[in-house]
Amino acid sequence: MKITGADLIIRLLERQNISTIAGIPGGANLPLYDALSKSTITHILARHEQGAGFIAQGMARSTGKAAVCFATSGPGATNLVTAIADANMDSVPLVAITGQTPLSLIGTDAFQEVDTYGLFLPITKHNFLVRSAKDLLSVIPEAFRIAASGRPGPVLVDVPKNVQVEEIEIEDFPEAGKKINTSLSDIEKIKRAAQMINSSTKPVLYIGGGIVNSNCCGLVNELSEKSKIPVASTLMGLGAYNSQSELYLGMLGMHGARHTNMVVDQADLLIAIGVRFDDRATGKIGEFCKHANIIHIDIDYSEIDKIRESNCGIKGDACDVLKTLLPLIHEDSRTQWIEKIMRIKEKNPEINYDDLDFFHPRKLIFETGKAAGKNVIVTTDVGQHQMWTAQSYPLSRPGQFLTSGGLGTMGFGLPSAIGAAVANPDKKIICFSGDGSILMNIQELATLSELNLNVTIIILNNGHLGLVRQQQELFFNGNYIASQFGCRPEFSKIAEGFGITSCILNDSHTPFEALCAKLNYNGPALIEVDINPEENVYPMVPPGASNIEMIT
Ligand SMILES: Cc1ncc(C[n+]2csc(CCOP(=O)(O)OP(=O)(O)O)c2C)c(N)n1
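Residues numbered from 1 in each chain as written. Predicted model: local features only at pLDDT ≥ 70, side-chain atom pairs only at ≥ 80, totals over all residues. Heavy atoms only, no water.

J.: Teacher, can you tell me more about the sheet that holds strand β17 (residues 428-434) here?
T.: Within a sheet, adjacent strands bond to each other through the backbone by hydrogen bonds, running parallel or antiparallel. Strand order across the open sheet formed by 6 strands is β16-β15-β17-β18-β20-β19, with parallel pairing between neighbours. Unpaired on one side and paired on the other, β16 (401-402) and β19 (501-504) mark the two borders of the sheet. As judged from the 6 bridges shared by β17 and strand β18 (residues 455-461), these two strands associate in the parallel manner. From the neighbouring strand, Gly434 faces β18, where its bridge partner is Leu460. (Pairing = 2+ DSSP bridges. Helix = DSSP H or I, 4+ residues; strand = E, 2+ residues; numbered from the N terminus.)

Written out as C-alpha cells, the structure is:
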C-alpha cells in the first residue's frame, strides 16, 4: 500500500494504542496534523508547547504508560525543552514528535529552524532525526520501546516536513514497540543482601519513584511487614507505602519530618530501592546514614555507586529483585529497634492539626484531603505549597501524587492535572499551586475550560515566591530581593475570564463548606486562598547541611 510519512506516523501511534495527543500545530508539522484529522486519536490543543509536554506527562505519570506530545519546529520545539527535561529527571515515559524544516534546508538558518536533535540530546533518553519515511517503520516502535523499557524516560522524534509528505510503498505495519523486561542476573548479590538484612538490627527501607514505576509497592509492604523494617520515602515515592502503618516513617530529607531524618541517621543498614540519593533527600552526602551499610537496588546500573558507594549494588527491576529476595528474609519482630523508633517519634512529634487555624496551609491541605476522599489524584507546582502538600495531604496509594521532583519546575501543576484528568475520567484531580507557579502556565486554563475536566485548582496565595522568600529570610539575613510581587492578580477573576467557576475562601463565613462545595463540583474550579506570607516550611535542612541539622 502507498502511504505518506505523516499518515504512517499516525497509524503507528494508533497501533501503540495512543488515544490522546497534546500539542500545537505549526508550519513544519501541518502534514502530521492533516493525517491526525483522519484518525480516531483525540487531540488536545494546548496553549503553549510546555503545557502540551506537561499534559502528556500528566497522562504518563498517572497511567505508567508512554504518552505523546506534538510540536512544530523552532519555537515549538524549544518551548518543549523544560517539560522534556523534567520528564528525563523524573523518569517519565514520553514520546515527543516535532516537525522540522525540510532536510534540504537543515543547516541554512531556514525559517523556524533550530537544531532540535542537538538541543534535546542531553535531556532525552534517546533522540531521532528521521531522514526518510521508510525509517519511521522502525523509529516509531523503537521510540516507544525505549521510552518504556528499563528506566523510563522521554524520547524525541524530529521529522522533517519532506519526510512527512514523502509517499512510500509498504507491505505491512510493524509490530508495536513494547516494553522489554530486564533480566535479573545478580542472584548472588540478592543472597548477600538477604544475609545483610537478616543480620541487621536497625535496618531502614529508603524508597523512591522507582518502586512506583516498577509497580512493586505491595512487595515493599510485604518485605517491611515480614521483617519489621521501617520505611522512609522520597518525594517521588510518596503514596507508595501504607501511611497508616506504624512502620511508616514518612518523607525524609530537606523538608522531611524531624523523626524521619533522626531514625534514618541511626540505621545500621539502608535498603535503598528505586532512589537516586538526590541531595534533597540525603542532605550532605558524607553525613547521610554514615553508620549504615548500603544495599542499593535500581534498574539503572549507572545510579548504583553514583553518589554513595554501596556495599551491595543490585541491578534489576525492583519487582523481580524483591520477588527473589522476599523468601530469603527471616521473619523478625525487631522489638528493640521499633521501640527506639517509637521513642524518637514521641520526642519529635508531628504537627497537630487540631492546633492549627483553618487557613494555615498545612491544615487547609489536610482538610482538603479528608474532604476530597480517596478517588483523587493530586498534582502540585513547585514551592512551599508543594512541600506542605507532600507533608500534609493524606495520600493513600501509589501514583496518586504527581509532582516535579528532580527538575522542580514551576508551571508543572496545572497542565499535568489536565493530563491526569484526561487519562482518569473517573477521578477528581486537585492541583495545589502558588501565586508564582500558576502564572507560569496559566494559559492552560483555556485548555481546561475547553475540555471541562474535573480539576480543582487551589492557589495558596502569599503574594510572594514563598520558598525563595523563606530562603532569603533564613540564609540571606532577610535580604528580600525579587521575591515579593508588587502586582497581585485576582486569580478568581482570571478564572472567571476563562469560564471557570471560582471563589476566594477567605471571603466566606463558612470556608470549609465553601471548599467542599467547589471540591464537589464536577468540572473545572479554582479556589484562591490568602495565606500568611510569613509562614515557612518546617522542618528545613539548610542547603549543604546534614539531615540531622534541621531547623524546626
Ligand atoms: C521554572 C522555575 N523557575 C524558578 C524556580 C525557582 N523557585 C523555586 S520555588 C520558587 C517560588 C515559588 O513560588 P510560588 O509558586 O508562589 O509558591 P510558594 O513557594 O509561594 O508556595 C521559585 C522561584 C523554579 N523552581 N522553577
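J.: Sorry if this is basic, but what is going on with the sheet that holds strand β14 (residues 312-315) here?
T.: The strand order β11-β10-β9-β12-β13-β14 describes an open sheet built from 6 strands, whose pairing is parallel. Each edge of the open sheet is held by one strand with a lone partner, namely β11 (248-251) and β14. Along the sheet, successive strands turn relative to each other by an average axial angle of 15 degrees, direction set aside. Two elements, strand β13 (residues 293-298) and β14, share 4 bridges in a ladder whose sense is parallel. Note that in β14 the partner of Asp298 across the bridge is Lys315. Packing of helix α8 (residues 187-199) onto the sheet brings it into contact with β12 (269-273), β13 and β14, and relative to β14 it is tilted by some 135 degrees. (Axes fitted to C-alpha atoms, helices over the stretch in contact; angles between N-to-C directions. Contact = heavy atoms within 4.5 Å.)

J.: For this particular structure, what's the right way to read helix α3 (residues 49-63)?
T.: Note: α-helices contain 3.6 residues per turn, so residues at a spacing of three or four share the same orientation. End to end, α3 covers 21 Å across 15 residues, agreeing with the expected 21 Å (1.5 Å per residue, within 8%). By the criterion of burial, α3 is predominantly enclosed, with 14 of the 15 residues buried. Just downstream of α3, Gly64 is the residue with a positive phi angle, here 80 degrees. (Expected span 1.5 Å × (residues − 1). Buried < 20%, exposed > 50% of the residue type's maximum accessible area, 1.4 Å probe, protein only.)

J.: Before we go on, may I ask you to explain the packing of aromatic side chains in this structure?
T.: Geometrically, a pair of aromatic rings is defined through the distance of the ring centres and the angle of the planes. Under the definition given, this model contains 10 aromatic pairs. Seen in terms of ring centroids, Tyr241 and Tyr248 are 5.8 Å apart; in terms of plane orientation they differ by 25 degrees. Their pairing is stacked. Both residues of the pair, Tyr241 and Tyr248, count as buried. With a centroid separation of 4.0 Å and an interplanar angle of 5 degrees, the aromatic rings of Tyr353 and Phe366 are classed as stacked. Residue Tyr353 is found in the loop between α14 (335-347) and α15 (361-372), and its partner Phe366 is found in helix α15; the two are separated by 13 residues along the sequence. (Phe/Tyr/Trp six-rings, centres within 6.5 Å; stacked < 30°, edge-to-face > 60°.)

J.: Would you mind showing me how to read unusual backbone geometry here?
T.: What is expected of a backbone is that most residues other than glycine have negative phi and most peptide bonds are trans. Across the junction of Tyr538 and Pro539, the peptide omega takes the value -5 degrees, indicating a cis bond. Turning to its location among the elements, Pro539 is positioned in the segment after β20 (525-530). Backbone geometry places Cys289, a non-glycine residue, at a positive phi of 50 degrees. Taking relative accessible area as the criterion, Cys289 reaches 2% and is therefore assigned buried. A positive phi angle, near 70 degrees, is found at Asp305, a position not held by glycine. Positionally, Asp305 belongs in the loop between β13 and β14.

J.: Whenever I open this one, the pattern of salt bridges confuses me. Can you help?
T.: Close approach of charged atoms allows side chains with opposite charge to pair. Across all of its chains, the model carries 21 salt bridges by this definition. Note that Glu14 is salt-bridged to Arg11, the shortest N-O span being 3.3 Å. Taken together, the residues span about one helical turn, with Glu14 and Arg11 both in helix α1 (residues 5-15) at a distance of 3 residues. Across the pair Lys363 and Glu367 runs a salt bridge, and its minimum N-O distance is 3.6 Å. With a gap of 4 residues between them, Lys363 and Glu367 both fall in helix α15, about one helical turn apart. Relative accessible area serves as the criterion here: at 12%, Glu367 is assigned to the buried category. (Salt bridge = Lys/Arg side-chain N within 4 Å of Asp/Glu carboxyl O.)

J.: Help me understand the site of the ligand, please; the structure alone is not making it clear to me.
T.: Around the ligand sit 17 residues in total, of which Gln384, Gly408, Gly436, Ser437 and Gly466 are the nearest. Residue Ser437 places a side-chain N or O atom 2.7 Å away from an oxygen atom belonging to the ligand. A distance of 2.9 Å is found between an oxygen atom of the ligand and a side-chain nitrogen or oxygen belonging to Asn462. Contact with the protein chains hides 76% of the accessible area of the ligand, taken as 590 Å² for the molecule alone. Elements with a minimum of two residues in the shell around the ligand: α16 (384-392) and α19 (466-475). Of all the elements, α19 adds the most residues to the shell around the ligand, at 3 residues. Class assignment for the residues of the shell around the ligand results in 6 nonpolar, 10 polar and 1 charged. (Near = heavy atom within 4 Å. Polar contact = N/O pair within 3.5 Å; in protein donor to acceptor, adjacent residues only side chain to side chain. Areas by Shrake-Rupley, 256 points an atom, 1.4 Å probe, with all protein chains shown as cover. Nonpolar A, V, L, I, M, F, W, Y, C, P; charged D, E, K, R; others polar.)

Fair warning: the whole summary comes from geometry, so function is off the table for now.
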